[in-house]
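If you want the building blocks of each chain, they are given just below.
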Amino acid sequence: VRTRVAIIGAGPAGLLLAHLLDRAGIESVVIDQRSREEIESTIRAGILEQSTVELLDSSGASPRVLSEGNRHEGIELRFAGEGHRIDFADLVDRAVWLFPQHEVLKDLIAVRLTAGQDLRFGITASRVEDENPAHPKVIATDAEGQPLTIEADFVVGADGSRSVARAAVSGSATGGYFREYPFAWFGILCEAPPSSEELIYSNSDKGFALISQRSATVQRMYFQCAPETDPTAFSEAELWEHLQARVPGTTLTEGPIFQRDVLRFRSFVAHELRKNRVALIGDAAHTVPPTGAKGMNLAIADVVLLEKALRALLLENDDRLIDAYAEKALQRIWKAQHFSWWMTSMLHVAPDASDFDRRRQLGELRSVVESKAGQTYLAEAYTGWPHQP
Ligand code: DHB
């Protein structure tokens with residue numbers, strides 16, 4: 001197969017990039033190892049930054065994001081048994097939208113297939129070859145095990161945290177800057193009305209909890225657990241006890257729990273984001289811990305930069321933007337790394353935390369909620385820095 005841009009990975013980053021390129025008249029092929037059903041049903045994050053929503057809507061990538069997403073103008077930070085509202089609308093005149101990632105993916109897939117554009121499921125890429133740097137190749141096999149080679153003018157690795165494209169860019173499949181955390185999230189989906197109008201990020205002596213939502217009848221909640229926790233280890237009653245104990249001062253509305261998972265997390269940035277005509281976007285380039293909901297939004301911000309660079313390169317033979325891609329993307333990536341690390345460290349209780357650490361952490365939370373400057377930083381970062389400052 002021969003195409004202009006070969007994109008490995010049909011997640012939000014790969015599919016949105018393909019959509020924007022199509023609108024600019026640049027054809028691409030998108031492949032993914034998973035089936036359409038798997039992609040459309042995997043539960044992931046739920047919060048979209050304002051700039052993400054504006055782009056998904058104005059480009060026609062997600063016709064439902066505004067009509068079915070829910071606008072949230074603030075969150076509650078809860079600690080020491082009290083809730084403190086961070087009012088995004090008042091502080092920064094911006095908002096976020098709750099619209100699950102797999103719903104965005106359903107829209108992106110439908111838009112691509114309706115436009116008759118090339119999108120192939122069940123294709124496993126094994127590596128990217130750039131012996132001829134002007135025409136990199138994706139080496140893959142299809143669902144029947146038959147070899148498939150895609151030759152392109154540019155290859156994009158949008159293939160997630162276990163990227164196979166990364167080796168061609170940074171010389172190593174796993175190399176990068178990273179840190180791990182001594183805790184994970186236990187996530188549940190339950191059938192119940194919302195327990196709160198807005199999301200609650202709660203710090204307690206027992207650890208962190210996040211009370212999020214999915215719809216009027218389905219709620220998403222998480223609590224801090226040990227990374228080795230077995231998701232089947234708790235009864236439903238025990239899960240509610242753990243959640244309730246981590247949001248002191250609030251009463252959660254309980255209901256049947258129909259899905260549970262343990263999310264381990266870490267911070268990671270690949271050493272390089274581009275080499276010749278191969279670039280990384282999204283989780284292939286970086287992962288952030290989930291506190292603060294930056295993951296998908298950061299992937300979309302990479303797409304905005306790379307799409308402009310590819311237009312200049314492939315339509316006008318101008319390589320200035322592609323040469324600047326990594327440096328430009330990394331500025332935002334490290335800001336998001338910092339914010340995600342900060343929210344994580346400020347809200348979770350580390351297993352080895354001393355009494356000093358615990359009291360300092362409460363001092364930090366109080367410094368944020370009692371300062372307009374502190375609240376404003378949180379609001380700016382949470383609602384997302386604009387794509388074009
Ligand atoms: C959700 C996940 C997050 O990591 C977050 O910060 C907010 C919401 C969610 O899944 O709803």
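About the cut-offs
Residues numbered from 1 in each chain as written. Predicted model: local features only at pLDDT ≥ 70, side-chain atom pairs only at ≥ 80, totals over all residues. Helix = DSSP H or I, 4+ residues; strand = E, 2+ residues; numbered from the N terminus. Expected span 1.5 Å × (residues − 1). Buried ≥ 20, exposed ≤ 12 C-beta atoms within 10 Å, placed from the backbone. Arc of directions from axis to C-beta. Core = buried A, V, L, I, M, F, W, Y, C linked by C-beta atoms within 7 Å. Contact = placed C-beta atoms within 7 Å. Near = placed C-beta within 6 Å. Nonpolar A, V, L, I, M, F, W, Y, C, P; charged D, E, K, R; others polar. Domains from an automatic or database assignment. Pairing = 2+ DSSP bridges. Axes fitted to C-alpha atoms, helices over the stretch in contact; angles between N-to-C directions. Left-handed = near helix turned anticlockwise from the far one by under 90°.

## Observations concerning helix H6 (residues 101-114)
An α-helical turn contains 3.6 residues, so any two residues separated by three or four positions project in the same direction.
Now for step 1: Between the first and last C-alpha of H6 there are 20 Å, a value that for 14 residues agrees with the 20 Å anticipated at 1.5 Å per step.
Now for step 2: Listing the buried residues of H6 in full gives Val104, Leu105, Asp107, Leu108, Val111 and Arg112. With its buried residues spanning 160° around the axis, H6 presents them on a single face. In this structure, H6 carries Leu113 and Thr114 as exposed residues pointing more than 90 degrees from its buried face.
Now for step 3: Just downstream of H6 lies Gly116, where phi reads positive at about 70°.

## Here we look at the nonpolar core
Now for step 1: Ile7, Leu17, Val156, Ala165, Ile281, Val303 and Leu306 are the most contacted members of the largest nonpolar core, which totals 111 residues.
Now for step 2: Per-element tally for this core: the top contributor is helix H9 (residues 295-316), with 12 residues.
Now for step 3: Not counting residues up to four positions away in its chain, the partners in contact with Leu306 are Leu17, Val156, Ala279, Ile281 and Tyr325.

## Regarding the site of the ligand
Now for step 1: Taken together, Ala45, Gly46, Ile47, Leu199, Leu210, Ser212, Arg220, Pro290, Thr291, Gly292 and Ala293 make up all the residues around the ligand.
Now for step 2: Residue composition of the shell around the ligand, grouped by class: 6 nonpolar, 4 polar and 1 charged.
Now for step 3: In terms of domain composition, the shell around the ligand takes at least three residues from each of domain 1 (5-71 + 97-178 + 267-346) and domain 2 (180-265 + 348-383).

## Quick word on the sheet that holds strand S20 (residues 286-287)
Now for step 1: One open sheet accounts for 8 strands, arranged S6-S5-S14-S15-S16-S13-S17-S20; its pairing is mixed. The open sheet has two free edges, formed respectively by strand S6 (82-87) and S20, since each of these has just one partner strand.
Now for step 2: Along the sheet, helix H11 (residues 355-369) makes contact with strand S5 (74-79), S6 and strand S14 (200-204), crossing S5 at roughly 145°.

## Focus: the packing of helix H1 (residues 12-23) against H6
The relative placement of two packed helices is expressed as an angle between their axes plus a distance between the axes.
Now for step 1: Their axes nearest at 10 Å, the elements H1 and H6 cross at an angle of 35°. For the pair H1 and H6, the crossing hand works out as left-handed. The residues of H6 that touch H1, namely those facing Pro12, Leu15, Leu16, Ala18 and His19, are Gln101, Val104, Leu105, Leu108, Ile109, Val111 and Arg112.
Now for step 2: Class assignment for the residues of the contact of H1 with H6 results in 9 nonpolar, 2 polar and 1 charged.

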